[in-house]
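A closer look at the structure
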Amino acid sequence: MSVSAMETCEVTLAVRAETSPGEVIAVVGSCEALGSWSHEEAVILHHNDDDGCSWTTTVKVPKGVVSQYRYFKGFFLESKNAGGPCQVIVNMWETHHQLRTMSPTAHLNIDDGQFGIHNEINCVDSGWLTCQTEIRLRLHYSKSPPVSITKKKFKKSRFRIKLTLEGIEEEDDDEDDLSLSSLHKMPTTLEISMISPNGYKSRHSQPECGYALEPSQWTEYCIHTMDPDNLELTFEFFEEDLSEHVVQGDVHPGHVGTACLLSSSFLESGKDIGRVTLPIMGRNARQTIGKVRVDYLVIRPIQGLQCDMSASYTKYWKKRSTVDVGHRGAGSTHAAKHHKIRENTIASFTSAAKHGAAYVEFDVHLSKDAVPIVYHDLTCCISTKKKNDKNLELIEVPVKDLTFDQLQLLKLAHVTAMKGSDHRDLLDDEDEIDEHQPFPSLSQIFQSVPENVGFNIELKWICQMKDGSWDGNMSSYFNMNTFLDIILSCVLQKAGKRRIVFSCFDPDVCTMVRHKQNKYPILFLTQGISDVYPELMDIRCQSTQIAISFAQSENILGISAHTEELLKHLEYIGDAQSKGLVVFSWGDDNNNHEIRRKLRQQGIDGLIYDSICEEQGEQPNIFQVEEQHSLQEVITEETLKSFTCSCYSIPCSTAPCVSSKPGPESTESDSGLSSS
């Protein structure tokens with residue numbers, strides 16, 4: 001029966017929620033009448049004027065068919081194109097995994113109680129960027145103090161800084177024209193966040209004269225706007241000791257200067273991430289008193305793809321025993337005790353899957369022609385070696401400078417080959433089959449690796465060291481928005497039911513992934529305080545403690561910490577988990593069985609290590625075992641309820657079915673599953 005011919009029933013939905021000016025409550029669901037999980041096609045509820053918190057609507061849904069649905073708060077704005085769908089901004093949405101459902105056979109009134117609460121569980125999350133843009137401005141001491149004062153009068157002064165927005169309101173040609181867009185206009189918002197090793201203070205309003213800067217603190221201003229290229233952003237500087245240099249009649253006593261930044265400069269530079277140095281103009285606009293260094297990040301909505309609202313795992317993690325994660329699949333080829341299978345290949349991932357890996361971890365970046373590919377390093381060493389020729393000439397080349405087709409034809413070596421005789425990768429590639437080839441595309445990995453194995457996808461990005469040098473000697477890389485749009489689109493379109501966890505060493509990438517899509521979680525990778533790796537420039541990357549604060553402030557799933565620092569501070573695991581974070585660990589130390597045992601005893605959520613194929617024989621992973629046990633319980637329950645035989649689409653034994661009620665001792669064999 002076609003959808004148009006399907007019989008329908010009227011259902012009246014009611015929910016209670018408090019909203020801000022211009023904000024509405026909407027419902028979205030699995031059937032066409034509820035938008036088929038599209039926020040742009042969602043149904044707006046009507047506000048009850050007699051009861052300021054009550055919202056209702058009546059919809060026609062398929063009769064006798066189970067429809068799932070959820071509510072969200074947001075703004076519905078006029079379409080950019082005539083006749084097109086509304087622009088919809090999702091501020092907060094319900095993210096329960098057990099969805100609200102209805103299956104009406106006649107007119108039905110459903111009172112869903114309070115927004116966000118279903119089955120007595122409160123589960124809501126902030127929205128993602130649908131059509132609005134987020135601008136982040138940062139002041140920090142990662143390299144040097146962000147404020148430099150040249151005016152002698154203020155050399156010893158301590159400043160408070162406040163960011164203000166100006167010039168964002170446009171004059172209407174007709175003040176009497178109250179269109180839908182003017183009645184439901186999303187205001188540009190400005191909030192501030194601060195993080196340090198001792199904690200964080202997430203988005204909130206600034207005090208009247210702003211905050212003073214601290215050397216160990218990361219201060220960040222967050223602007224949400226529909227007009228990202230037409231903002232005037234002004235930093236106001238106040239002396240912290242307001243008893244000095246006060247001029248009578250000041251609106252803000254102690255005000256000493258301003259620094260202005262136009263958001264259009266981001267567009268003109270062609271960069272979404274960067275740094276600007278602004279002059280601080282004194283009270284006499286003709287003189288400067290110093291300068292301020294401001295880092296910026298512009299987060300734009302994902303292009304060419306719309307996220308649906310059917311499910312969200314961005315903050316979801318089921319507490320269970322520690323999951324095993326195969327590092328680069330079956331392990332790093334270049335580890336001290338390396339596995340025979342080349343790392344980051346289809347063969348390596350499938351081998352790890354056979355040996356019980358719940359997830360396989362791998363790095364993804366882009367080829368020159370924007371194909372997401374799987375490879376660990378930012379550079380590779382290519383060789384002009386001919387077959388049976390002992391002379392090697394190795395050339396280090398950035399992976400981003402080679403097309404996908406060129407990468408498939410390479411004879412390559414690890415960068416360590418430039419410094420010695422490590423030519424493990426220079427195999428007889430001509431004799432290799434596809435699953436052993438390096439540089440598989442992310443699409444190929446999705447197609448070739450069993451879906452019951454999760455993917456821990458590390459998003460490869462360049463890092464700057466404290467000494468000013470860059471990872472891979474690359475100080476410039478892709479546009480971060482474009483880079484992530486391509487990879488996220490691939491994952492969202494091809495992941496299916498596979499478990500996905502992103503991770504990255506770059507905190508800005510973590511922030512972008514959290515705000516660009518609504519489905520998959522991300523872990524902040526941190527090396528912490530290390531004797532093995534050089535210190536990173538970004539203060540958010542310099543310790544496990546500040547990584548925890550960052551993860552909390554950005555409301556991401558958790559952290560993936562370097563085992564080196566965790567072993568010195570095992571209490572960090574419980575501390576992070578008590579704050580609602582998931583904790584994975586990585587590093588060469590994890591290849592030691594006793595260290596893994598110690599971390600498991602601490603309740604760590606995930607262990608990433610090389611030796612997964614050597615430590616355990618072929619076996620199902622923890623998710624397969626859980627699924628079998630869950631299915632066994634369902635089958636046992638259904639079998640006990642019925643005297644007749646039922647068939648289940650699961651692997652089963654050849655034991656004959658019987659038409660009589662089984663005894664308790666026979667239920668396991670009847671189901672064909674064992675709990676061992």
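Below, the structure is looked at part by part. (Residues numbered from 1 in each chain as written. Predicted model: local features only at pLDDT ≥ 70, side-chain atom pairs only at ≥ 80, totals over all residues. Heavy atoms only, no water.)

Helices and strands together make up the secondary structure of the protein, namely 14 helices and 35 strands. Burial analysis of the protein (676 residues in total) assigns 51% to the buried set. Restricting to contacts in the protein with at least 6 residues of sequence separation, those with at least 24 account for 69%. (Helix = DSSP H or I, 4+ residues; strand = E, 2+ residues; numbered from the N terminus. Buried < 20%, exposed > 50% of the residue type's maximum accessible area, 1.4 Å probe, protein only. Contact = heavy atoms within 4.5 Å.)

The next point concerns the side chain of Arg138. Relative to the assigned elements, Arg138 resides in strand 13 (residues 133-139). For Arg138, a relative accessible area of 2% gives the class buried. A distance of 2.6 Å separates polar atoms of two side chains, one belonging to Arg138 and the other to Glu220. At 2.7 Å, the side chain of Arg138 and the side chain of Asp508 are in polar contact. (Polar contact = N/O pair within 3.5 Å; in protein donor to acceptor, adjacent residues only side chain to side chain.)

Moving on, we get to the packing of aromatic side chains. In this structure the tally under the stated criterion is 24 aromatic pairs. Judged by centre distance (5.8 Å) and plane angle (45 degrees), the ring pair of Tyr533 and Trp586 falls under tilted. Taken together, the residues Tyr533 in the loop between strand 32 (522-526) and helix 8 (544-554) and Trp586 in strand 34 (residues 582-586) connect sequence positions 53 residues apart. With a relative accessible area of 33%, Tyr533 lands in the partly exposed category. The class for Trp586 is buried, based on a relative accessible area of 13%. Directly above the aromatic system of Phe455 lies the positively charged group of Arg498, at a separation of 4.1 Å from the ring centroid. (Phe/Tyr/Trp six-rings, centres within 6.5 Å; stacked < 30°, edge-to-face > 60°. Lys NZ or Arg CZ within 6 Å of the ring centre and 35° of its normal.)

Time to look at the sheet that holds strand 1 (residues 8-16). What the 4 strands build is an open sheet, ordered 4-5-1-9; its pairing is mixed. If you trace the sheet from one side to the other, it starts and ends with strand 4 (46-47) and strand 9 (108-114), each paired once. For strand 4 and strand 5 (residues 54-62), the ladder comprises 2 bridges, and the chain directions are antiparallel. Each residue of the ladder has a partner; that of His46, found in strand 5, is Thr56. (Pairing = 2+ DSSP bridges.)

Moving on, we get to the packing of helix 8 against helix 10 (residues 571-578). Look at helix 8 against helix 10: their axes get within 11 Å of each other, and the N-to-C directions meet at 10 degrees. It follows that helix 8 is roughly parallel to helix 10 by the angle criterion. From helix 8, Thr544, Gln545 and Ile548 reach across to helix 10, where they touch Tyr572, Asp575 and Ala576. A breakdown of the residues in the contact of helix 8 with helix 10 according to their chemical character gives 3 nonpolar, 2 polar and 1 charged. (Axes fitted to C-alpha atoms, helices over the stretch in contact; angles between N-to-C directions. Parallel < 35°, antiparallel > 145°, perpendicular 65-115°, else oblique. Nonpolar A, V, L, I, M, F, W, Y, C, P; charged D, E, K, R; others polar.)

This paragraph deals with the environment of Glu232. Relative to the helices and strands, Glu232 resides in strand 20 (residues 232-239). Considering only alpha carbons, one finds Glu232 and Ser264, 32 residues apart in sequence, at a separation of 8.7 Å. Setting aside its immediate chain neighbours within four residues, Glu232 contacts Thr164, Leu165, Glu166, Cys260, Leu261 and Leu262.

Note that Ile522 resides in strand 32. When the C-alpha atoms of Ile522 and Ser503 are compared, they prove to be 5.1 Å apart, with 19 residues separating the residues in sequence.

On to the side chain of Ser585, then. Relative to the elements of secondary structure, Ser585 occurs in strand 34. Looking at Ser585, its side chain comes within polar contact range of the side chain of Thr563, at 3.5 Å.

Before going further, it helps to spend a moment on the pattern of salt bridges. Two side chains bearing opposite charge may form a pair once their charged atoms approach each other closely. Evaluated as defined, the whole model comprises 24 salt bridges. The residue Asp538 makes a salt bridge to Arg540 at a minimum N-O spacing of 2.7 Å. For the pair formed by Asp538 and Arg540, the shared burial category is buried. Here the salt bridges do not stand alone but share partners, grouping Glu134, Arg136, Arg138, Arg203, Glu220, Asp508, Asp538, Arg540 and Glu554 into one network. (Salt bridge = Lys/Arg side-chain N within 4 Å of Asp/Glu carboxyl O.)

Let us look at the nonpolar core. Soluble globular proteins tend to bury their nonpolar side chains together. Of all hydrophobic cores here, the largest spans 90 residues; its most connected members are Phe362, Leu459, Val491 and Phe502. When residues in this core are grouped by element, the largest group, 7 residues, is from helix 6 (residues 480-494). Not counting residues within four places of it along the chain, the set of residues in contact with Leu459 comprises Val364, Leu484, Ile487, Phe502, Ser503, Cys504, Val509, Val513 and Ile522. Counting 32 residues, the second largest nonpolar core, distinct from the first, contains Ile25, Ala42, Trp55 and Met102. (Core = buried A, V, L, I, M, F, W, Y, C linked by side-chain atoms within 4.5 Å.)

Here we take up unusual backbone geometry. In the Ramachandran plot, Phe439 falls in the positive-phi region, its phi being about 60 degrees despite a non-glycine side chain. Following the sequence through the fold, Phe439 ends up in the loop between strand 29 (412-413) and helix 5 (442-448). Residue classification places Phe439 among the buried positions, given a relative accessible area of 0%. In the Ramachandran plot, Asn555 falls in the positive-phi region, its phi being about 60 degrees despite a non-glycine side chain. For Asn555, the location among the structural elements is in the loop between helix 8 and strand 33 (558-562).

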